[in-house]
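# Examination of the molecular architecture
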Amino acid sequence: MNNLVLYKGVYISKEQYDDIKNMRQLSDEEIDLSDIPEITHEEFKRMKENRRRRKNLQQAS
């Protein structure tokens with residue numbers, strides 16, 4: 001495992017590790033989100049409902 005760094009239980013390259021460290025210094029405006037699809041209102045509602053169901057199931061256990 002040459003040139004690898006253990007980061008949060010996973011081995012990543014030194015370059016990846018440096019990228020992660022540098023991301024912390026970026027402002028919100030500097031982060032490129034263009035490759036992330038937008039979430040529709042319906043998807044958001046469904047995720048919120050699923051989260052509520054899981055929470056209710058955990059409380060019932």
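Heads up: the structure comes first, above all this text.
Residues numbered from 1 in each chain as written. Predicted model: local features only at pLDDT ≥ 70, side-chain atom pairs only at ≥ 80, totals over all residues. Heavy atoms only, no water.

### Thoughts on a nonpolar patch on the surface
- Residues M23, L26, I31, L33 and I36 make up a contiguous nonpolar surface patch of about 470 Å² in total accessible area.
- Among the secondary structure elements, I31 is positioned in the loop between α1 (14-23) and α2 (41-60).
- With a relative accessible area of 38%, I31 lands in the partly exposed category. (Patch = residues over 30% accessible without salt bridge, like charges linked within 9 Å, V, L, I, M, F, W, Y side chains within 5 Å. Areas by Shrake-Rupley, 256 points an atom, 1.4 Å probe, with all protein chains shown as cover. Salt bridge = Lys/Arg side-chain N within 4 Å of Asp/Glu carboxyl O. Helix = DSSP H or I, 4+ residues; strand = E, 2+ residues; numbered from the N terminus. Buried < 20%, exposed > 50% of the residue type's maximum accessible area, 1.4 Å probe, protein only.)

### Topic: unusual backbone geometry
- The backbone of K8 sits at a positive phi, close to 50°, despite the residue not being glycine.
- Within the secondary structure layout, K8 lies in the loop between β1 (4-7) and β2 (10-13).

### Here we look at the pattern of salt bridges
- Across all of its chains, the model carries three salt bridges by this definition.
- Residue D18 pairs with K14 through a salt bridge whose shortest N-O separation is 2.9 Å. With D18 and K14 both in helix α1 and four residues apart, this pair spans about one turn of that helix.
- We classify D18 as partly exposed; its relative accessible area is 26%.
- Overall, K14 belongs to the partly exposed group, its relative accessible area being 36%.

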